[in-house]
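Each chain is listed here by its residues.
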Amino acid sequence: MKVVTADQMQGLDRRTVFEFGVTGGDLMERAGCGVAESVMRLAECGRLASPRVHVITGHGNNGGDGYVIARVLNQAGWDVDVWLAGSTDSVGGDALTQLERMMQDGISVREMSTEHDWSLAEADPGEADIVIDAVLGTGVEGPVRGAACGAIRYINAVSVRCLVVAVDIPSGLNADTGVPEGIAVVADLTVVMAQPKWGHVLPAGINYVGSVEVVDIGIPRAYVSELVSDGDMVSDVDVRLILERRDRAAHKGVYGHALIIGGAAGYTGAVSLATEACGRSGAGLVSVITPERLVPIVAPMVREAMVHGGVETESGSLGAESLDVWMDRLKDFECVLIGPGMTTHADTRASVDRVLAEATGAVVLDADALNVMAGEAASIQDCAAQVVLTPHPGELARLLGCSVAEVQSDRRGKALELARLTGACVVLKGAGTIVITPEGDWSVNVTGNPGMASGGMGDVLAGLVCGFLAQGVSTWMAARAAVYLHGRAADVAAWGYSQRALLAGDVLDELPEVMRECGLR
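Quick caveat, the model's predicted, so the values are computed rather than measured.

**Some details on the packing of aromatic side chains**
Stage number 1. Evaluated as defined, the whole model comprises six aromatic pairs.
Stage number 2. With 5.5 Å between their ring centres and 55° between their planes, Trp-118 and Tyr-154 make a pair best called tilted. You can see Trp-118 sitting in helix α5 (residues 115-123) and its partner Tyr-154 sitting in helix α6 (residues 146-158), a full 36 residues away along the chain.
Stage number 3. What makes Trp-118 buried here is its relative accessible area of 0%.
Stage number 4. The class of Tyr-154 is buried, set by a relative accessible area of 0%.

See the structure below:
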């Protein structure tokens, strides 16, 4: 999904109104209804049976969206309070029309026109399960002052006990840079109108926007296609492209056979999580090679997979000779994933080299398969297969021989450097995961949350990538779909169980639901 500037988005709005014949009021109605739907899904995931919602509005169009949201949620039977950072006398245009419609439904507005009013409210806050930030939109310039500043402080203060949903952009955040204009709302979820803005995807803004959902408000696709943009954000629309309707006569052989190589003494979870995720992607068959002693542990955890034992090294990792009987069979696998839980034993490097030399389909290098290539990543370019690398910043730094700080200060640039060095599609994990090709095509993913900072999450992602590749999906599309679904499943799980308690297994449990959301079936 194309990333646009604030000016480009305003231009799309104007063209839609003056050329396509949609009124500004219609756009506002669609925007507010879309946000309300997202809020209702959030409440359902969070098991909020009778949620209390606090809508905080400004006097501009963002506030108008907020009045629509309040009206829709009120009609759904929710307990809704509306506070205005200003006075109703300052509301005009389409926002005023929506304010009047909301008030006709019996929803009153509390006017909070000074910072002092908000300071008093902060000392005695209202009770809410969800706070909706509809104070400022994408047109903010310069530090926020006055009542809007007080409203932002209030939202951040009460966020310790409620979820925060931002309308289009967290109030106070620059839509083009992601840099706060003095003070900005820190949201759990930002519901974006029509197209993501740069402030949603740039590193500076990621900590403020939280997870991102996009609402289609009816901007003609032809208008968007005419815009020039150097940025792309992965969305559910992209994922739907690969989750096609399946033929009723299809069988398991149609959807590919994946081979996963990994595991070592003490690291059975990594290969098991990757295997289950691979199966959840829709791959027809999944085979696993792991040290012989681990087979009785791994096999019960991945009942649908075929688990084969191999020779162990003295440290309990997989010996390179374990692959002897498999080299002639590599052509039978549409994708090979190697690395989860393998350790950095010398035999791991030998195994990776053999796979890169013999595989003809697709190969995913993850975890220790990346670590053993430190400083020698250029050799990956000799692989005849399509390759996907899934490093976190530390692994990418080791591959390039630079520091983690250098990677994090230029994530896109360093990911591109690795992609060009290796000829592989690179997935640089972390907040704002980047998928990039050697040709420079790139996307950023903003699903996911801090609860994913725990063991096993990367194994689930690698398994998903492998599964999609086994089904014949291109490296570019497989990687983008995997990072989106991985993060989305983690968001749904976190809303239900909390970020702090989130485990990789919870993400696996939510994958079927989020895949159904995107693919319908």
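Now that the structure has been shown, we can carry on.
**A word on the nonpolar core**
Stage number 1. Formed by 60 residues in total, the largest nonpolar core has its most connected members in Val-364, Val-460, Phe-468, Leu-469, Leu-485 and Leu-511.
Stage number 2. Counting residues per element, this core draws most heavily on helix α19 (residues 475-497), which supplies twelve residues.
Stage number 3. For Leu-485, the contacting residues outside a window of four places in its chain are Val-239, Phe-468, Leu-511, Val-514, Met-515 and Cys-518.
Stage number 4. Ile-169, Leu-259, Leu-389 and Leu-399 belong to the second-largest nonpolar core, a separate cluster that totals 58 residues.

**As for the sheet that holds strand β4 (residues 130-134)**
Stage number 1. If you trace the seven strands from one edge of the open sheet to the other, you get β3-β2-β1-β4-β5-β6-β7, paired in parallel fashion. Bordering the open sheet on either side are β3 (109-111) and β7 (211-215), each of which pairs with just one other strand. The mean inter-strand angle of the sheet, taken between neighbouring strand axes irrespective of direction, is 20°.
Stage number 2. Relative to β3, strand β2 (residues 79-84) is paired through three bridges, and the arrangement is parallel. Considered in β3, the bridge of Leu-84 is made with Glu-111.
Stage number 3. In this fold α6 packs onto β1 (52-57), β2, β4 and β5 (163-167), with an angle of close to 155° to the strand it touches most, β1.

**Examining the packing of helix α18 (residues 457-470) against α19**
Stage number 1. Following both chains from N to C, one finds α18 and α19 inclined at 140°, their axes separated by 8 Å at the closest point. Our classification of the angle between α18 and α19 gives oblique. Viewed along their axes, α18 and α19 form a crossing whose handedness is right-handed. Contacts between α18 and α19 pair Met-457, Val-460, Leu-461, Leu-464, Val-465, Phe-468 and Leu-469 from the former with Thr-475, Ala-478, Ala-479, Ala-481, Ala-482, Val-483, Leu-485 and His-486 from the latter.
Stage number 2. By residue class, the composition of the contact of α18 with α19 is 13 nonpolar, two polar and no charged.

**So, the packing of helix α3 (residues 61-75) against helix α4 (residues 93-104)**
Stage number 1. As a packed pair, α3 and α4 sit with axes 8 Å apart at the nearest point and diverge in direction by 20°. In terms of orientation, α3 lies roughly parallel with respect to α4. The hand of the α3/α4 crossing is left-handed. Here α3 contributes Gly-64, Tyr-67, Val-68, Ala-70 and Arg-71 to the contact with α4, which in turn contributes Ala-95, Gln-98, Leu-99, Arg-101 and Met-102.
Stage number 2. Looking at the contact of α3 with α4, its residues break down into six nonpolar, two polar and two charged.

**A few points about the pattern of salt bridges**
Stage number 1. On inspection of all chains with the given rule, the structure shows 23 salt bridges.
Stage number 2. Two residues, Glu-127 and Arg-52, come together in a salt bridge whose shortest N-O distance is 2.7 Å. Of this pair, Glu-127 sits in the loop between α5 and β4 while Arg-52 sits in strand β1, and the two are 75 residues apart along the sequence.
Stage number 3. Using a relative accessible area of 62% as the deciding quantity, one classes Glu-127 as exposed.
Stage number 4. On the accessibility criterion, Arg-52 (31% relative accessible area) is partly exposed.
Stage number 5. Here Asp-238 makes a salt bridge to Arg-480, at a shortest N to O gap of 3.4 Å. Residue Asp-238 is found in helix α10 (residues 236-240), and its partner Arg-480 is found in helix α19; the two are separated by 242 residues along the sequence. Both residues of the pair, Asp-238 and Arg-480, count as buried.
Stage number 6. Residues joined in a network through salt bridges with shared partners are Arg-41, Glu-213, Arg-488 and Glu-517.

Conventions we followed
Residues numbered from 1 in each chain as written. Predicted model: local features only at pLDDT ≥ 70, side-chain atom pairs only at ≥ 80, totals over all residues. Heavy atoms only, no water. Phe/Tyr/Trp six-rings, centres within 6.5 Å; stacked < 30°, edge-to-face > 60°. Helix = DSSP H or I, 4+ residues; strand = E, 2+ residues; numbered from the N terminus. Buried < 20%, exposed > 50% of the residue type's maximum accessible area, 1.4 Å probe, protein only. Core = buried A, V, L, I, M, F, W, Y, C linked by side-chain atoms within 4.5 Å. Contact = heavy atoms within 4.5 Å. Pairing = 2+ DSSP bridges. Axes fitted to C-alpha atoms, helices over the stretch in contact; angles between N-to-C directions. Parallel < 35°, antiparallel > 145°, perpendicular 65-115°, else oblique. Left-handed = near helix turned anticlockwise from the far one by under 90°. Nonpolar A, V, L, I, M, F, W, Y, C, P; charged D, E, K, R; others polar. Salt bridge = Lys/Arg side-chain N within 4 Å of Asp/Glu carboxyl O.

The quantities given are spatial measurements derived from coordinates; they are silent on function.
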